[in-house]
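Report on the structure
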Amino acid sequence: MFWYFTLNPILIAAAVIPAIVLMVYVYRADRLEKESPVQLVSLLIGGVIATALAKVTERAGDFILSAAFADNMEMYNFFMYFGVVAFSEEGFKYLLLKRRTWRDPGFNCQFDAVVYAVFVSLGFALWENIAYVMMYGFGTALVRAVTAVPGHACFGVFMGAFYGFARRYANEGRESASKRCRMLAVICPALLHGAYDYIASGTMDGEWVFIAFVAALFLAAFMMVRRLSSHDQYID
């Protein structure tokens, strides 16, 4: 299957283009000072690494929950999506984001945090999307292009918003406020991620619930990007 994917430009484009479009959008929204391409590539690679790390904890969580909730699929879905999957994926994204950028001299504007977090998230989504397209083909790529890939970008926007406040507060010496924002930089996107997966799993009846949730998530993230971009400020 892998050789077919590598030789099929349509599948390659279907897997990669949605993430590239979103990267370009958030990069262009950074109006004060553009980030280093080297930095952005390293963040994409960090997102790819996060997929491997999350896979390990998700398999461990699946093993534990399968033993605990063998006869209760609703409880399994709830703890799997809100607990294991959401906090594994968003937690590893955050750890790699913070390790690479927290003390970087280029992190000198508040909106930089949104760019960083979105690139990490899209590195994760890009690699995940390639795997799904390899397994399920072009139809899956089309669905994920308008759901999962922008979903990860949205989670990154919320992570980056709180992460930017955390860096600004740290620079101002307000460590307790910075710590709260660092915690919210994980908790907020993890809860949104858990809700996305839980609703998408079909546990809640009706496709309209998922459509409404995704529409609200995308709109909120879009408005947040525009607001944070227009009110960006230097923080170093």
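What comes next is a walk through the structure. Each chain has its residues counted from 1, following the order in which its sequence is written. Confidence filtering applies because this is a predicted model: local features only for residues at pLDDT of at least 70, side-chain atom pairs given and counted only at 80 or more, and all residues used for totals across whole chains, interfaces and linings. Side-chain numbers here rest on the full set of heavy atoms in the structure, without hydrogens or water.

Helices and strands together make up the secondary structure of the chain, namely nine helices and zero strands. To get the radius of gyration, use the C-alpha atoms; to get the globule rule, take the number of residues to the power 0.38 and multiply by 2.2 Å. For 236 residues, the compact-globule estimate of 2.2 N^0.38 gives 18 Å, and the chain sits close to it at 18 Å. Expressed along its principal axes, the backbone C-alpha trace of the chain runs to roughly 50 × 45 × 30 Å. Counting the 236 residues in the chain, one finds 49% classified as buried. Within the chain, contacts between residues separated by at least 24 positions form 79% of all contacts whose residues are at least 6 apart in sequence. Of the roughly 12,000 Å² of accessible surface on the chain, 68% is carried by carbon and sulfur atoms. Within this scheme the basic residues Lys and Arg register as positive and the acidic residues Asp and Glu register as negative, but His and the chain ends are omitted. A single reference atom marks each charge: NZ on Lys, CZ on Arg, CG on Asp, CD on Glu. Side chains of the chain carry 19 positive and 19 negative charges; the gap between the two charge centres is 8 Å. Elements are defined by DSSP. Helices are runs of H or I of four residues or more, strands are runs of E of two residues or more, and each kind is numbered from the N terminus. The rule is simple: take the accessible area with a 1.4 Å probe, protein chains only, and divide by the maximum for that residue type; under 20% is buried, over 50% is exposed, in between is partly exposed. It only takes one pair of heavy atoms within 4.5 Å for two residues to be counted as in contact. With residues, only the protein chains shown are counted as cover, and all accessible areas are computed by Shrake-Rupley using a 1.4 Å probe.

Okay, the nonpolar core next. The nonpolar core is taken to be a set of buried Ala, Val, Leu, Ile, Met, Phe, Trp, Tyr and Cys residues, with the residues joined through side-chain atoms within 4.5 Å. Core analysis: the largest hydrophobic core is formed by 59 residues, its most contacted members being Leu97, Phe111, Phe119, Leu122 and Tyr163. Of all elements in the fold, only helix H2 (9–29), helix H3 (37–68), helix H4 (73–101), helix H5 (112–136), helix H7 (148–171), helix H8 (175–200) and helix H9 (207–230) reach the threshold of two or more residues within this core. Counting residues per element, this core draws most heavily on H5, at 14 residues. If we ignore the near neighbours within four places in the chain, the residues touching Leu97 are Leu43, Trp102, Tyr116, Ala117, Val120, Met159 and Tyr163. In this structure, Leu65, Tyr76, Val84 and Val85 belong to the second largest nonpolar core, which totals five residues.

Before going further, it helps to spend a moment on the packing of aromatic side chains. Aromatic pairs are defined between Phe, Tyr and Trp rings, using the six-membered ring for Trp, whenever the two ring centres lie within 6.5 Å; interplanar angles under 30 degrees are classed as stacked, those over 60 as edge-to-face, and all others as tilted. Counted under the stated rule, the structure contains 13 aromatic pairs. Judged by centre distance (5.4 Å) and plane angle (80 degrees), the ring pair of Phe107 and Tyr116 falls under edge-to-face. Here the two residues Phe107 and Tyr116 agree in accessibility, since each one is buried. Pairwise contacts between aromatic rings join Phe69, Phe78, Phe79, Phe82 and Tyr198 into one cluster. Criterion for a charge above a ring: Arg CZ or Lys NZ at most 6 Å from the ring centre, at most 35 degrees from the ring normal. Positioned above the aromatic ring of Tyr27, the side-chain terminus of Lys34 is 5.0 Å from the ring centre. Cation over ring: Lys93 sits above Phe124, and NZ or CZ is 5.0 Å from the ring centre.

Attention now moves to the side chain of Thr101. Assignment of secondary structure puts Thr101 in helix H4. Leaving out residues up to four positions away in the same chain, Thr101 has contacts with Gln39, Leu43, Phe107, Tyr116 and Tyr163.

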